[in-house]
Each structure stands twice: as C-alpha cells, then as structure tokens.
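Coordinate inspection notes
Residue strings, one per chain:
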Amino acid sequence: MRNQIEKVWQRWELAQFELDALKKVSVEKTLNERIVADSNSISAENDRFFRTQMTQAGYQRLLAIASIDGLAAVSHLCRTLNATSKDHSIPSEFTRLFLQENYLAPLNRQYSTYFNKMLAALGMNTEPETYFDVVPWEVFALHNQAFLLTREKNYLLQYVGGLLYLEVAVPAAFTHYQVAAQRLKLPSVVINYWDLHTRLHTEDGYQMLDKVVLPVANQCPQQAWELVLGYDQQRAMSRRAVAAIASSVRAAERAERAIAKSSGAKN
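My aim in this report is to walk through the structure given alongside it, one point at a time.

Before going further, it helps to spend a moment on the overall build of the chain. Each helix and strand in the chain was counted, giving twelve helices and two strands. Ordered by position from N to C terminus, the α and β elements of the chain give α-α-α-α-α-α-β-β-α-α-α-α-α-α. When contacts within the chain are restricted to residue pairs at least 6 apart in sequence, long-range pairs at least 24 apart make up 84% of them. As displayed, the chain has an accessible area near 13,800 Å², and 53% of this comes from carbon and sulfur atoms.

Put into structure tokens, the structure is as follows:
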C-alpha cells in the first residue's frame, strides 16, 4: 500500500521539475549559485510577518507545529551512515552532522531537551503527540519525503542534495524566530534555543558542499544531477510547508482575537 501511494505521490512531486534540463547542468556551479540565492529560506512576505507581526499566540502555534521535529530528537541522517562510498570521509562527515543536529556541544545534551524547556516556559504541553492535529500536511510531506529517500540507497544523492538545502536555509529561518522572540520579550530559554541552533549551523551549508556533496558528485558523475534535483525538490517542498505554517499561525492569531473580542463583549 505504501508503494502504491508513493508511486502516485512521487510522480506528482517530480512533475514540478524539468528533469531533462537538470541532467545537463554543471552540478558544482549550480549548487554554489543555489546556496548564494537561498541564504534566506523564507519568502519576503513571511520573513516580515514572522519577524515583525507574529503575536505570542502565533508563536505558540509555530512551536506546536515545530514540536514534531523539536521533541523527537530523531534525524534521518542516521539512515545514511551505511551509505556505500569508497571515501571514508563522507560517512564520517554524516556522523559529524548527525551529532551536531541532535546534540549541543560538548555533546552532553540533546536539542530536544532544550525544546522541551522552551515549550514548558510558555506553558505548553511537552508531549510530541499533543499537536499532531495542527501540523499542516505540507509539513508531514517533508518528513515522508525524508523517510522515502533514506529508505532506499538509490535515492542517496537526492537526499544529500535536499540535506544541503536544509543546512543552508534552516539557520536563516531560525534567525527570524529568534528576532520575533526578542520582540515579544519571551523567556530567555526561547531566545537561546534559536541562537544556539543558528550559531552552530551558520557555516554548515558550505562545509557540506565541500566535504560531502562535491565528493559524492565526483564519485557518481552520471547520477550527480540528482544532487541538484534533491536540492530543488527540498527547497520547493520546504517553501510550500513554510507558507502553510504561516497560514496556520495567522489562523491561530485570528482565533485568539475572536476569543478576546467575545470575552470583552460579555464583560
């Protein structure tokens, strides 16, 4: 059943791209250009909204959606550690990224521990399943894509390309959330969570390009274009998810205003 669903789903996702054109690009040049262009992973409209307009009610909705990642402390990177490669530096780099994704230096505490404290500081439930109902399908689609690409080694290059995008875009997105937390005067644990993430991951995109992506491209020149496909697909799906998150945050803020208005009318 899973394979039947994925066959249709993936056909629809891949239809968004000109595969024949991607097969002809210069992988190194194209990915370098992508990294420069994607230093900010959020559209200008959502960027301004998160930084300057989002209320605390909206912020809590944002964290509720993010909890599917933040509380799990599970990385798809661990599924790539057995990737077949003659260059032992590549799985070693994956190991480094895996540890950095899940633990704070000096590797003595998981990110999920800090995310838990952040939710608690805002009076939110810290059980991961609590907020599944408010997570947009576009976010679940990202997780499904990661599991699909890491389940089969044939998809390794696509996954690596997508991971490169995340290493570039995520620090920029977290900066917006940090600025919003400062503006809203939220507890320091909230601000510090995004600050730690941002500082530790700022240079990961370029490091991964040099230490993982380009070596993989050199080893698999015929399939190297799949790195660009993975990057572009992750970017498109991530932007779709961010738009859905922003819409959900706005909906939560409207609901909060409606409750406040109703309460004021009764008083």
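Before going further, it helps to spend a moment on the packing of aromatic side chains. A complete count under the given rule lists eleven aromatic pairs for this structure. Arranged with centres 5.4 Å apart and planes meeting at 80°, the rings of Phe-115 and Tyr-193 form a pair that is edge-to-face. A residue pair is termed long-range when its members are at least 10 positions apart, and Phe-115 in helix α7 (residues 111-121) and Tyr-193 in helix α10 (residues 188-201) qualify at 78 residues. By relative accessible area, Tyr-193 is classed as buried at 6%.

In this section: the pattern of salt bridges. The full count for this structure, using the stated rule, is eight salt bridges. Salt-bridge contacts for Arg-235 lead to Asp-232; the nearest nitrogen and oxygen are separated by 3.5 Å. Here Asp-232 and Arg-235 lie together in helix α12 (residues 225-266), a separation of three residues that amounts to about one turn. The class of Asp-232 is buried, set by a relative accessible area of 7%. In the salt-bridge network here, residues are joined through shared partners; they are Arg-34, Asp-38, Asp-232, Arg-235 and Arg-239.

Another aspect to go through is helix α8 (residues 137-151). With 15 residues, α8 should reach 21 Å at 1.5 Å per residue; the first-to-last C-alpha distance of 21 Å fits that figure. Among the residues making up α8, those that are buried are Glu-138, Val-139, Ala-141, Leu-142, His-143, Gln-145, Ala-146, Leu-148, Leu-149 and Thr-150.

This brings us to helix α4 (residues 44-53). Owing to its 3.6 residues per turn, the α-helix aligns residues three or four sequence positions apart on the same side. Within the sequence span of α4, burial applies to Asn-46, Asp-47, Phe-49 and Phe-50. The buried residues of α4 occupy an angular sector of 165° when projected down its axis, which confines them to one face. Structural note: α4 exposes Glu-45, Arg-48 and Gln-53 on the side pointing more than 90 degrees away from its buried face.

What follows concerns the environment of Leu-62. If you trace the backbone, Leu-62 turns up in helix α5 (residues 56-70). Ignoring anything within four residues of it in the chain, the contact list for Leu-62 reads Phe-50, Met-54, Tyr-177, Ile-245 and Val-249.

The next subject is the packing of α5 against α8. A pair of packed helices is characterised by two quantities: the angle between their axes and the separation of those axes. Between α5 and α8, whose axes approach to 11 Å, the crossing angle comes to 10°. Judged on the interaxial angle alone, α8 and α5 are roughly parallel. From α5, Ile-65, Ile-68 and Asp-69 reach across to α8, where they touch Val-139, Phe-140 and His-143.

What follows is about the nonpolar core. When a protein is soluble and globular, its nonpolar side chains tend to lie buried together. Counting 35 residues, the largest nonpolar core has Phe-50, Met-54, Tyr-59, Leu-63, Tyr-177, Val-190 and Trp-194 as its most contacted members. In this view, Val-190 contacts Tyr-59, Met-118, Leu-122 and Ala-181; residues no more than four positions away in its chain are not counted.

Across the interface, α4 lies against helix α9 (residues 156-183) with an axial gap of 7 Å and an inter-helix angle of 25°. It follows from the interaxial angle that α4 and α9 lie roughly parallel. In contact with Asp-47, Phe-50, Arg-51, Thr-52 and Gln-53 of α4, α9 contributes Thr-175, His-176, Tyr-177, Val-179, Ala-180 and Arg-183. Of the residues contributing to the contact of α4 with α9, the split by class is four nonpolar, four polar and three charged.

It is worth spelling out the environment of Ala-141 at this point. With respect to the helices and strands, Ala-141 occurs in helix α8. In this structure, the C-alpha to C-alpha distance between Ala-141 and Ala-241, residues 100 residues apart in sequence, is 8.4 Å. Excluding anything up to four places from it in sequence, Ala-141 contacts Trp-9, Met-237 and Arg-240.

Reading the values: the criteria
- Residues numbered from 1 in each chain as written.
- Predicted model: local features only at pLDDT ≥ 70, side-chain atom pairs only at ≥ 80, totals over all residues.
- Heavy atoms only, no water.
- Helix = DSSP H or I, 4+ residues; strand = E, 2+ residues; numbered from the N terminus.
- Contact = heavy atoms within 4.5 Å.
- Areas by Shrake-Rupley, 256 points an atom, 1.4 Å probe, with all protein chains shown as cover.
- Phe/Tyr/Trp six-rings, centres within 6.5 Å; stacked < 30°, edge-to-face > 60°.
- Buried < 20%, exposed > 50% of the residue type's maximum accessible area, 1.4 Å probe, protein only.
- Salt bridge = Lys/Arg side-chain N within 4 Å of Asp/Glu carboxyl O.
- Expected span 1.5 Å × (residues − 1).
- Arc of directions from axis to C-beta.
- Axes fitted to C-alpha atoms, helices over the stretch in contact; angles between N-to-C directions.
- Parallel < 35°, antiparallel > 145°, perpendicular 65-115°, else oblique.
- Core = buried A, V, L, I, M, F, W, Y, C linked by side-chain atoms within 4.5 Å.
- Nonpolar A, V, L, I, M, F, W, Y, C, P; charged D, E, K, R; others polar.

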